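# A structural walkthrough
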Amino acid sequence: MSLKDFPLCALRKRYPNAHKGSFGRLLLIAGSETMTGCAVLAAQGALRSGVGILECAAVKECITVIQNNCFEAVNTPISDYYEDFPSCSARLLERIKVCDAVAMGPGLLNQDSDPARKELLAQLMLMLIENSRVNFVFDADCLTAMAPHLKEFSLYSSRIAITPHPGEMSRLCGVAIPEIIINKEKCASEFSREYGFVTLLKGNKTAVASPNGDIYINSTGNPFMARGGSGDVLTGIIGSLLAQGSDLFDGVCLGAYIHGGAADIAAEELGLSMLPSDIAPRIGKFIFSKEAEL
């Protein structure tokens, strides 16, 4: 599919009588005591791409960092799911009832490879999606946790988008990383057909695949994005678009396009010094420049 199939005019229009409730409420579940920055980057991506209300659910150590960097976010402290699963899950189940979409994953494993932590994260993810009707975008640590449970997650695939890089995709599908990089489009497409998810496979010319065979190859982005944290911004952008009412596939495609376009502006200005935190502030500039071309 060409870019023309996903024009920026698909973004929600801002009518004069609009209010914050007009543009959705996103629940962002991210971060941990030692992985606070990823939650901030995802939050900034969501806020800069137009969500009406952003609610960040994180452990208290991470909430403090979010409060100091994202003044517009609503913050919900939660217990660590590994230390107090009943309290964490009950709080999230309560909050998901008032949200329009969920973005989940960055920093949730706390740099911990303990199989028990991964298993509990997978159970938390399943519990949330089983008890809600909203769309989810899963990234980062959520992809590691869901890998052994793909058949269970496929029961809810019509509401799930995943955004793996080649390493995460390798864990999900069992294909070697070099083969995934060479056959990005084929790999994403086959995985989406098998499990029913919308799959965004990151990399040069990011590929987005739908279960029915639609493929979108993104035209924006640059090598200076190859830093830890860039994907967290993307998670926030996609979550924001879904909360605003975008169709799952369209929202993921638009998210990839906007993310890479904002990064292209940052690269023009900063080159090698561009950081993932430089992407979100340029989202508005990119969208404005493209809307002017329509």
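How each quantity is defined
- Residues numbered from 1 in each chain as written.
- Predicted model: local features only at pLDDT ≥ 70, side-chain atom pairs only at ≥ 80, totals over all residues.
- Heavy atoms only, no water.
- Pairing = 2+ DSSP bridges.
- Helix = DSSP H or I, 4+ residues; strand = E, 2+ residues; numbered from the N terminus.
- Axes fitted to C-alpha atoms, helices over the stretch in contact; angles between N-to-C directions.
- Phe/Tyr/Trp six-rings, centres within 6.5 Å; stacked < 30°, edge-to-face > 60°.
- Buried < 20%, exposed > 50% of the residue type's maximum accessible area, 1.4 Å probe, protein only.
- Lys NZ or Arg CZ within 6 Å of the ring centre and 35° of its normal.
- 1 Å grid on protein atoms, 1.4 Å probe; cavity = no way out; pocket = protein on both sides within 12 Å on 5 of 7 lines; lining within 4 Å.
- Points joined across faces, edges and corners; volume = space filled by probe spheres on them.
- Nonpolar A, V, L, I, M, F, W, Y, C, P; charged D, E, K, R; others polar.

Within a sheet, each strand pairs with its neighbour through backbone hydrogen bonds, oriented either parallel or antiparallel. Read across the open sheet, the nine strands follow the order β3-β2-β1-β4-β5-β6-β7-β8-β9; overall the sheet is mixed. The sheet terminates laterally at β3 (74–77) and β9 (215–217), the two strands that pair on one side only. Sheet twist, expressed as the mean angle between neighbouring strand axes with direction ignored, is 15°. Bridge count for strand β7 (residues 198–201) against strand β8 (residues 207–209) is three bridges, and the pairing is antiparallel. Residue pairing in the sheet places L201 in a bridge with A207 of β8.

According to the stated counting rule, one finds six aromatic pairs in the structure shown. Between the aromatic rings of F191 and F197, the centroid separation amounts to 6.1 Å while the plane-to-plane angle is 40°, which identifies the pairing as tilted. For the residue pair F191 and F197, the accessibility class agrees, reading buried in each case. Relative to F197, the ring of Y195 lies with its centre 6.2 Å away and its plane at 10°, an arrangement referred to as stacked. When its relative accessible area of 18% is taken as the criterion, Y195 is described as buried. In textbook terms, an aromatic cluster arises when at least three aromatic residues are bridged by ring pairs, as seen for F136, F138 and F153. Sitting over the face of the ring of F23, R14 holds its NZ or CZ atom 3.5 Å from the ring centroid. In this arrangement the basic side chain of R117 is found over the ring face of Y81, its NZ or CZ atom lying 5.2 Å from the centre.

It is worth spelling out empty space enclosed by the protein at this point. Gaps left between atoms are located by rolling a probe of water-molecule size over the structure's atoms. In this structure the tally under the stated criterion is one cavity of 30 Å³ or more. What the largest cavity holds in volume is close to 110 Å³. Around the largest cavity, the lining is made up of 16 residues, and of these G31, V59, I78, Y81 and L108 lie nearest the centre. For the lining of the largest cavity, the elements supplying multiple residues, two or more each, are β2 (53–58), α3 (85–96) and α4 (115–130). Looking at the lining of the largest cavity residue by residue, the classes come out as 11 nonpolar, three polar and two charged.

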